[in-house]
Amino acid sequence: MQYSHKKLPRITQKMEKIKVSDFGITKNGDQIKKYIVTNKNGMKVEIINYGGIVISLTSPDRKGNYEDVVLGFVNPEDYFNENSYFFGAIIGRFANRIAHGKFSLNGKNFNLNKNNGENHLHGGDQGFFSKIWNAEIIPDSQTIKLSYISKDGEEGYPGQLTTAVFYTLTDQNALEISYEATTDQPTIVNLTHHSYFNLSGNFSREITDHELQLDADQFIPINKSSIPENDFKNVAGTPFDFKNFKTIGKDINDDNEQLQRAKGYDHCWILNGIGMKLSGSLYHPETGRKLDVLTDQPGIQVYSGNFLDGKFETKTGGKNNPRTGICLETQHFPDSPNRNSFPSVELKPGEIYSTKTVYQFSVK
Ligand code: BGC
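Residues numbered from 1 in each chain as written. Predicted model: local features only at pLDDT ≥ 70, side-chain atom pairs only at ≥ 80, totals over all residues. Heavy atoms only, no water.

Per an unreviewed UniProt entry, the recorded name for the protein is Aldose 1-epimerase, and the organism is Chryseobacterium glaciei. According to the UniProt record, the Cofactor (unreviewed entry) comment for the protein reads "Ca(2+)". (UniProt positions renumbered as here; feature names shortened; annotations may be inferred.)

A. A look at the pairing of strand β2 (residues 31-38). Here seven bridges tie strand β1 (residues 18-25) to β2, and the two strands are oriented antiparallel to one another. Residue pairing for β2: D22 is matched across the bridge by K33. Between the antiparallel neighbours β1 and β2 lie five residues, among them G29 with a positive phi of about 85°. Relative to strand β3 (residues 44-48), β2 runs antiparallel, the two being bridged by five bridges. Among the inter-strand pairings, T38 is bridged to a residue of β3, identified as K44. Turn length for the β2-β3 hairpin, with the two strands adjacent in sequence and antiparallel, is five residues, and the turn residue G42 shows positive phi of about 95°. (Pairing = 2+ DSSP bridges. Helix = DSSP H or I, 4+ residues; strand = E, 2+ residues; numbered from the N terminus.)

B. How the structure looks around the packing of aromatic side chains. Taken as a whole and assessed by the stated rule, the structure comprises 30 aromatic pairs. For the ring pair Y50 and F80, a centre distance of 4.9 Å and an interplane angle of 65° mean the geometry is edge-to-face. Placement of the pair is Y50 in the loop between β3 and β4 (54-60) and F80 in helix α1 (residues 76-81), with a sequence separation of 30 residues. Overall, the relative accessible area of 11% leaves F80 in the buried class. Ring geometry for F242 against W269: centres 6.1 Å apart, planes inclined by 65°, an arrangement best described as edge-to-face. With F242 in the loop between β20 (233-234) and β21 (246-247) and W269 in strand β22 (residues 266-271), the pair connects residues that are 27 residues apart, well separated along the chain. Residue class for W269 comes out buried when judged on its relative accessible area of 0%. The structure contains a cluster of three or more aromatic residues connected by ring pairs, namely F23, Y50, F73, Y79, F80, Y85, F87, Y196, Y303, F307 and F312. Its guanidinium or amino end placed over the ring of F245, K364 lies 4.4 Å from that ring's centre, counting from NZ or CZ. (Phe/Tyr/Trp six-rings, centres within 6.5 Å; stacked < 30°, edge-to-face > 60°. Buried < 20%, exposed > 50% of the residue type's maximum accessible area, 1.4 Å probe, protein only. Lys NZ or Arg CZ within 6 Å of the ring centre and 35° of its normal.)

Okay, here's the thing in structure tokens:
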């Protein structure tokens, strides 16, 4: 029998934009899920509800090849047991360091867990990076909502903090991260994202061949335990000048006290201007991959992966060796709770903490 092609039933299957699968089981027996969001171009982000960790994120090179550009473990259990590197995670309640793990708010003193020598780092040993988040797929979207309620006193912080983080993969090849939080007592908040980017798509390679540009005239020098020194410093004439694109490896090994203290770049730059804007860009000349970072936050911690120690297997046959990824952590300044001259990080009952950072991928 002859049939007309036109009369065949049309398959109007809706493209599934978000898929869920099992990822692994923690030591406590919790089943962790993986959420895979794909956009219309085929770009993909994989997020787990443990730590809200972005375990993979692809972006196209000049030839249109999509490859993974975030450092990550090969073995799922390494995320649960060994992620002191904070690979890809949501960082909270307070990103970066608080000196001696102490601060006071409205005349009350608080002691936080000290997990980085004498200081508190990234929310403590059991910070948000190690929590199981409640995950929801926002219907008809490319958005995952992760929520977590941090109890009063958790890691030493005051107030119950109700937190939500929205990850959206747009059809314009951007990963947008929106953070929201409310509290029932005055507290402090500073949330960020800790992906280590390597735009070469090969995690055996260092990021020293990437070029970086930052819209920042000043950075915050650090003391020997990585706590801010008193004065901001102009970047002009220093290895910290990224006002124009500069190869990361150009000055990183300079005989400069600040670089030596951190074994490379691990500093907070003070972003020029206020409000949501383009704050910095990372570019990999060989593949053409470019990452623009837009944020409404006042600072960006650039960490060139100096303390990665090669103990774990990473994707594409790599080891987590120093400088195999670079973090671009948008945030308030380190140790803000102890510095009256820094923008406030206090959140009061009735207020909504709301910030956004966009990681926009393209080719050049
Ligand atoms: C900090 C580093 C720290 C690293 C841990 C970064 O955000 O700036 O000092 O060693 O996180 O992974």
